[in-house]
Amino acid sequence: MNQNKDWWECPKCKISIEPQFDTCWKCSFDNRPEDEKKRDEIKESGLSAKYQSLRLFQTFIWFLFFISAATILFSLLGAIAKFSMGGDIIFIISVLAIVILMITYYGTKMSSKMIDFLFDLDEKNNK
Ligand SMILES: [Zn+2]
């Protein structure tokens with residue numbers, strides 16, 4: 001037992017690991033000192049911090065969407081007031097406005113989701 005004093009035992013698997021390895025080959029338990037692990041954690045979590053501007057962009061595209069939606073709706077209301085005689089033109093403009101709104105909404109939602117996905121991925125990698 002004494003000649004094994006430089007070896008370390010994985011607390012999970014109870015197997016002996018050669019001194020040159022920091023992690024258990026079986027369960028990948030990290031045997032490094034806490035401060036060393038923490039240093040790596042900070043280094044890695046820097047990725048989310050580094051791309052924090054994407055969060056701002058995410059807010060911005062939603063803001064842009066609401067501005068566009070308001071503009072489209074006001075234009076639609078303006079058109080309805082102007083062509084108060086009604087008829088097919090109002091119907092066509094309304095359908096067009098709704099289609100444009102849906103496309104804009106979908107694009108904004110997908111972009112937002114992509115940003116969420118990247119941050120989730122980073123979070124998962126750091127676990
Ligand atoms: Zn282990």
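Below: a short report on this structure. (Residues numbered from 1 in each chain as written. Predicted model: local features only at pLDDT ≥ 70, side-chain atom pairs only at ≥ 80, totals over all residues.)

### Some thoughts on the environment of S48
To keep it simple, the criterion reads: Secondary structure follows DSSP: runs of H or I at least 4 residues long count as helices, runs of E at least 2 residues long count as strands, and numbering of each begins at the N terminus.
Of note, S48 is situated in helix α1 (residues 34-50). Taking the C-alpha atoms as reference points, S48 and D122, separated by 74 residues in sequence, lie 6.6 Å from one another.

### Section: helix α3 (residues 88-125)
Two residues of an α-helix separated by three or four positions point the same way, owing to the 3.6 residues in each turn. Convention followed: By this rule the span expected of a helix is its residue count minus one, scaled by 1.5 Å. Three classes are used. A residue is buried when 20 or more other C-beta atoms lie within 10 Å of its own, exposed when 12 or fewer do, and partly exposed in between, with C-beta atoms placed from the backbone.
Here α3 contains 38 residues, and its C-alpha end-to-end distance of 55 Å stays within 8% of the 56 Å for a straight helix at 1.5 Å per residue. Here α3 lies mainly on the outside; zero of its 38 residues are buried.

### Some thoughts on the packing of helix α2 (residues 53-82) against α3
Formally: All axes here are fitted lines through C-alpha atoms, helices being fitted over the stretch that makes contact, and every angle between N-to-C directions spans 0 to 180 degrees. Any angle that falls under 35 degrees is termed roughly parallel, while one over 145 is termed roughly antiparallel, one within 65 to 115 roughly perpendicular, and all others oblique. Any pair of residues counts as being in contact when their C-beta atoms, constructed from backbone geometry, are within 7 Å of one another. Note on residue categories: nonpolar means Ala, Val, Leu, Ile, Met, Phe, Trp, Tyr, Cys or Pro, charged means Asp, Glu, Lys or Arg, and polar means any other residue, Gly included.
Direction vectors running N to C along α2 and α3 enclose 175 degrees, while the axes themselves pass 10 Å from each other. For the element pair α2 / α3, the angle class is roughly antiparallel. Residues L54, Q58, I61, W62, F65, S68, A69, I72, L76, A79 and I80 of α2 form the contact with α3, whose own contacting residues are I90, I93, S94, A97, I100, L101, T104, Y105, T108, S111, S112 and I115. Of the residues that constitute the contact of α2 with α3, the class distribution is 16 nonpolar, seven polar and no charged.

### Focus: α2
Taking 1.5 Å of rise per residue, 30 residues should cover 44 Å, and α2 covers 43 Å from first to last C-alpha, within 8% of that figure. α2 sits mainly on the outside: zero of its 30 residues count as buried.

### With respect to unusual backbone geometry
In this structure, K14 takes a positive phi of about 60 degrees despite not being glycine. Here the phi dihedral of S28 falls at roughly 55 degrees; this positive angle occurs in a residue that is not glycine. Assignment of secondary structure puts S28 in the loop between β2 (16-17) and α1. For S28, a count of 9 C-beta atoms within 10 Å puts it in the exposed group.

### Topic: the environment of I100
Note on placement: I100 falls in helix α3. A count of 15 C-beta atoms within 10 Å places I100 in the partly exposed class. Each C-alpha atom, one on I100 and one on S68, is 9.6 Å from the other, the two residues being 32 residues apart in sequence.

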